[in-house]
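In case you want the letters, here they are:
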Amino acid sequence: MSKILTKIIKYAVVGVLGTLTHFSILTILVEVLHCRPVVSSTVGFICTLIISYYLNYTWTFASKSRHIVTLPRYTTVSLIGLCLNASVMYIAVNVFNLWYATGQAVSVIIIPTSNFLLNSYWSFKTRR
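Bear in mind that the values here come from a model prediction, so they are computed numbers and not experimental data.

1. Concerning the overall build of the protein
Along the protein, the regular secondary structure elements total four helices and zero strands. In the protein, the succession of α and β elements from N to C terminus is α-α-α-α. By the compact-globule yardstick of 14 Å for 128 residues, the protein fits well, its C-alpha radius of gyration being 15 Å. Across its three principal directions, the C-alpha atoms of the protein cover 50 × 30 × 20 Å. Among the 128 residues that make up the protein, the fraction classed as buried is 36%. A separation threshold of at least 6 residues defines the contact pool for the protein, and within that pool the share at least 24 residues apart is 66%. Entry remark: accessible area of the protein is about 7800 Å², with carbon and sulfur atoms responsible for 73%.

Laid out in structure tokens, this is it:
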């Protein structure tokens, strides 16, 4: 199997774990604690960021770069994703009056692709 395909599969596994974490937090906050969907999704996203960074650093990309370099880059990529996520959620829930889970499902399609590319070629890229 090629290196890039292996990374994509590992990234997908981390992404599935992150998605489950994100959806779980979102659902609990909205359905149990009656928080607003956009805020709940943002909290889920931040929790997922922490878990995903560790897994992607150690397993997906097996980075040798220092955390002082990779963590700010990963956080930047994730903040771009957070803004995209919040925008999609806002538009889905407040403009189109869709169920919050529908908005989150749309986010799950858009954000992982852009994040993988940015993380592969910038965040975890080892400088020679």
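2. Concerning helix H1 (residues 3-32)
Look at H1: 42 Å from first C-alpha to last across 30 residues, which is about the 44 Å you get at 1.5 Å a residue. Those residues of H1 that sit buried are Tyr 11, Val 14, Gly 18, His 22, Ile 25, Leu 26, Leu 29 and Val 30. The elements touched by buried residues of H1 are helix H2 (37-60), helix H3 (67-95) and helix H4 (100-123).

3. Here's the deal with the packing of H1 against H4
In the contact formed by H1 and H4, the axes pass within 10 Å of each other and the chain directions differ by 145°. The two elements H1 and H4 cross, and the hand of that crossing is right-handed. Residue-level inspection shows Ile 4, Lys 7, Ile 8, Tyr 11, Thr 19, His 22, Phe 23, Leu 26, Thr 27, Val 30 and Glu 31 of H1 in contact with H4, the latter providing Tyr 100, Ala 101, Gln 104, Ala 105, Val 108, Pro 112, Asn 115, Phe 116, Asn 119 and Tyr 121. Looking at the contact of H1 with H4, its residues break down into 13 nonpolar, six polar and two charged.

4. A look at the packing of aromatic side chains
Under the defined criterion, the tally for this structure stands at 10 aromatic pairs. Ring centres of Tyr 53 and Phe 124 lie 6.1 Å apart, and the angle between their planes is 25°; this geometry places the pair in the stacked category. In this pair, Tyr 53 is assigned in helix H2 and Phe 124 in the segment after H4, connecting sequence segments 71 residues apart. A single burial state applies to Tyr 53 and to Phe 124, both of which are buried. Between the aromatic rings of Trp 99 and Tyr 100, the centroid separation amounts to 5.6 Å while the plane-to-plane angle is 65°, which identifies the pairing as edge-to-face. Each member of the aromatic cluster is reached from another via a ring pair, and the members are Tyr 11, Tyr 53, Tyr 57, Phe 61, Tyr 74, Phe 116 and Phe 124.

5. Points about H2
Compared with the 34 Å implied by 1.5 Å per residue over 24 residues, the 30 Å span of H2 between its first and last C-alpha is markedly short. Every buried residue of H2 is listed here: Ser 40, Ser 41, Gly 44, Phe 45, Thr 48, Leu 49, Ser 52, Tyr 53, Asn 56, Tyr 57 and Thr 60. Packing partners of the buried residues in H2 comprise H1, H3 and H4.

6. Quick word on a nonpolar patch on the surface
Together, Met 1, Ile 4, Leu 5, Ile 8, Ile 9, Val 13, Val 16, Leu 17, Leu 20, Trp 59, Leu 117 and Tyr 121 make up an exposed nonpolar region whose accessible area comes to about 1200 Å². Those elements that provide at least two residues to the nonpolar patch are H1 and H4. The leading source of residues in the nonpolar patch is H1, at eight residues. Here Ile 8 lies in helix H1. When its relative accessible area of 39% is taken as the criterion, Ile 8 is described as partly exposed.

Cut-offs applied
- Residues numbered from 1 in each chain as written.
- Predicted model: local features only at pLDDT ≥ 70, side-chain atom pairs only at ≥ 80, totals over all residues.
- Heavy atoms only, no water.
- Helix = DSSP H or I, 4+ residues; strand = E, 2+ residues; numbered from the N terminus.
- Rg over C-alpha atoms; globule rule 2.2 N^0.38 Å.
- Buried < 20%, exposed > 50% of the residue type's maximum accessible area, 1.4 Å probe, protein only.
- Contact = heavy atoms within 4.5 Å.
- Areas by Shrake-Rupley, 256 points an atom, 1.4 Å probe, with all protein chains shown as cover.
- Expected span 1.5 Å × (residues − 1).
- Axes fitted to C-alpha atoms, helices over the stretch in contact; angles between N-to-C directions.
- Left-handed = near helix turned anticlockwise from the far one by under 90°.
- Nonpolar A, V, L, I, M, F, W, Y, C, P; charged D, E, K, R; others polar.
- Phe/Tyr/Trp six-rings, centres within 6.5 Å; stacked < 30°, edge-to-face > 60°.
- Patch = residues over 30% accessible without salt bridge, like charges linked within 9 Å, V, L, I, M, F, W, Y side chains within 5 Å.
- Salt bridge = Lys/Arg side-chain N within 4 Å of Asp/Glu carboxyl O.

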